[in-house]
Amino acid sequence: MAGENAVYVRGACKTYGDQKNPVVVLKDLDMTVPRGAIYGLLGASGCGKTTLLSAIVGIRPLDSGELVVLGGKPGNKDSGVPGHRVGFMPQDVSLMNSLTIKQTMKYFCWIYGMSSKDFDTQMDYFLELLELPHGDTLISKLSGGQQRRVSLMAALIHDPELLILDEPTVGVDPMLRQRVWKYLVQETRRSGKTVIITTHYIQEAGQADVLGLIRGGRLMDENSPENLLQKYNTGSVETVFLVLAMNQELEALRQKEKKTNDLQAVNVDEAAVTKSEPFEGKKLPRTKEYVSKGEEWEAKRRKRARTGRWKAMVLKSGLRFFKSRDSLAFNFLFPLIQIVVFFLAIGADPKQLPFTIINRETPYFTENCSTVEPMMCDDPYVGCRYAQQLSNSKYFKVNYMEDQEEALEGVRRGKSWGVLVIPENFTESIHRRRLDGLDADADLLEMGFMRVHLDMSNSQIGTTIKKQLLEEYVTFSGELMEACEMNRKIIQTPIRFEHPIYGEEDSTFQEFSAPPTILIVIFFLAVGTTSSVMVTERYEGLWDRTLVAGITPWQLLVGHIMMQTIMVFLQSIESLIIALLIFGFPCHGPIFLSLLLTWLQGVAGMCCGFFVSVSSRTISESNYFATGCFYPVVLMGGSLWPLQGAPKLFQQICNIMPTTMANIALRHIMIRGWGIQKSSVILGFASTFAWIAVFLVLCYVILRLKR
């Protein structure tokens, strides 16, 4: 009996929520839909209609019960459900606003494996039937009623064997509504198509062959409209529904209170009180059975569908991306802005730092030093010479003061980064060092030390000041030795730094942080653009509709991956062009390896974003998840500071982060010029591939569990 009907349901149960507070949506529901019939499913919102339809099309399994659709179990191989044998129009519009009517239909027809000839014929027919504008009109430009007609068209265009329509005529002009019903009646009679339709318009229900009245997750009764009216001795379907609802309430009271006297309060026919027998369906008069179009036709359709599905995925993802100006601007401007800002803001030594000098050798510093001739061996103003050298340095903005306490107070108030005090006998001490050597008076030498008071609240600035004070003094003292016709190497420390093996002598923090910054920008741009993709599709409704068409969640994900991979590659090229060509950052190793690693890190970020997307239930949740990933990856990836400064155990944890080994590898490629033969570079690529695999496996497992 089950195989003779289009849909056969017995004892269907479905609950949502946890075991402590379950929400019962379907409870012991029986339903029989004859082949070639229009089945009208009537019930208020929240009664379980949408859940029941979702189970029939195979996108939400029942908790228990028997369900047979078109002779097979939904979801079984070769059942065609979900797939080309069923057409589904959900209650929401569930279309992409960025597509045109024709592109929308092309998307579904590619999935179903329709030929170009059939597509053109069906397209013209339904545009006229549903009174829709030209096929090149954007969905976003249509009215609400027109969008619902396009949604209906997407369910009809591939000529399915079973049509499931959830409120298809809401907001549609009455004349057009009648036209749609006429088409449905003609199709069921002509070709044996089966239609399950829900509607708020009870007057429409009279045109259905069979009515099913559902309330509270149970099917109260199902039969032809004529039989229902006769059975319950009433003149309208609305009254039948009311009688059955009252009967259901009384039945609940009887079971709860176990009393029979409450049944006398309502005067209804005995037939309304007794439980209806399950409807077994019947053969309906029609001119033609819905038959298979042949094995050869089916083989061609499957062949077209195999390639058409991927074309449809790329079409949807590509048009969604390229038709959004905001999305395009963000994806191409974000790397540009981030990389430019980094190179302008990070790495260069601080300059023009406010710094105070107190020169106790020459109280009237400006006047005395302005008359000094070029440096001489017995120069009477050595302290003045050094102070002048600091004043000419690009790193300092020198302010001269006489009162030391006032100068220190300026540092405490943040007006200066430090104070240099040149003692009164500084020049004498310097000359004694030169002339007396080991015999120089120790007390005099001690009194000749310049004192520096620094603000070390910013270690980078404090370290820069220390470094420049020492370098300027070495330069200054070397000039003094030359003025005395002595070898300037005498005053130099006995350590000579030769030309670096890697990097430059004047290398900055920028060389350390630029390679990982490029990877982080690409990684998290990919995370940000993909972390809400799957959630958005579910929110828009296109997710369920595409699943009903026969696409699996994994195929949907792969379609997005194909498109996003191309975008990540373009963003990687853009970032490296900015770094290498515009800012002249060195790349001593193979540029191809740098580009490949940057691109793969973007792919890893993309896969991480998809993992976030398939794990999240809402867009807000995906945004929180993606944002929460940012700082751990950045701080533990060795991009802001060498990991060698972290505790040993923590270093091991950091090494397994998605970007850590890649950061090291890119540094070694760009700064050291290493190639793929080096172990650190191999580890960078291996770690990236491993994380891509981990994220994809997690996505696959989650999608399987959510099914």
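Residues numbered from 1 in each chain as written. Predicted model: local features only at pLDDT ≥ 70, side-chain atom pairs only at ≥ 80, totals over all residues. Heavy atoms only, no water.

(A) Region of the structure containing a nonpolar patch on the surface. The grouping of Phe 630, Tyr 631, Leu 635, Leu 640 and Trp 641 at the surface amounts to a nonpolar patch, some 570 Å² of accessible area in total. Tracing the chain through its elements places Tyr 631 in helix α23 (residues 619-636). (Patch = residues over 30% accessible without salt bridge, like charges linked within 9 Å, V, L, I, M, F, W, Y side chains within 5 Å. Areas by Shrake-Rupley, 256 points an atom, 1.4 Å probe, with all protein chains shown as cover. Salt bridge = Lys/Arg side-chain N within 4 Å of Asp/Glu carboxyl O. Helix = DSSP H or I, 4+ residues; strand = E, 2+ residues; numbered from the N terminus.)

(B) View of a negative patch on the surface. Where like charges cluster on the molecular surface, the negative patch consists of Glu 498, Glu 504, Glu 505 and Asp 506. Topologically, Asp 506 is positioned in the loop between α17 (459-483) and α18 (509-530). Among the residues examined, Asp 506 registers a relative accessible area of 63% and is labelled exposed. (Lys, Arg positive; Asp, Glu negative; His and termini not counted. Charge placed at Lys NZ, Arg CZ, Asp CG, Glu CD. Buried < 20%, exposed > 50% of the residue type's maximum accessible area, 1.4 Å probe, protein only.)

(C) Inspection of the confidence of the model for the protein chain at higher detail. Confidence along the protein chain averages 85 in pLDDT terms, with 92% of residues attaining 70 or more. Counting interchain partners and residues more than four positions distant, the pLDDT-below-50 stretch residues 259-276 has 21 contacts. (pLDDT = per-residue confidence, 0-100. Contact = heavy atoms within 4.5 Å.)

(D) Summary view of α23. A rise of 1.5 Å per residue sets the reference length of α23, with its 18 residues, at 26 Å; its end C-alpha atoms lie 27 Å apart and thus fit the reference within 8%. Residues of α23 that are buried: Ser 622, Ala 626, Cys 629, Val 633, Val 634 and Met 636. Summarising the axial view, the buried residues of α23 lie within an arc of 160°, below the 170-degree limit, and thus occupy one face. Opposite the buried face of α23, at more than 90 degrees from it, the exposed residues are Tyr 624, Thr 627, Tyr 631 and Leu 635. Here the buried face of α23 lies against α18, α19 (533-540), α22 (591-615), α24 (648-655) and α25 (660-670). (Expected span 1.5 Å × (residues − 1). Arc of directions from axis to C-beta.)

(E) View of helix α3 (residues 116-129). Between the first and last C-alpha of α3 there are 20 Å, a value that for 14 residues agrees with the 20 Å anticipated at 1.5 Å per step. Considered for burial, the residues of α3 that qualify are Phe 119, Gln 122, Met 123, Phe 126, Leu 127 and Leu 129. Across the axial projection of α3, the buried residues extend over an arc of 155°, all falling on one side. Residues of α3 that are exposed and point over 90 degrees away from its buried face: Lys 117, Asp 124 and Glu 128. Residues of α3 that are buried sit in contact with α2 (101-112), α4 (144-156) and α5 (174-191). Once α3 ends, the next one or two residues include Glu 131, with phi positive near 55°.

(F) Structural context of the side chain of Thr 32. Turning to its location among the elements, Thr 32 is positioned in strand β2 (residues 23-34). Assessed through its relative accessible area of 0%, Thr 32 is described here as buried. Among the polar contacts made by the side chain of Thr 32, one reaches the side chain of Arg 10 at a distance of 3.0 Å. (Polar contact = N/O pair within 3.5 Å; in protein donor to acceptor, adjacent residues only side chain to side chain.)

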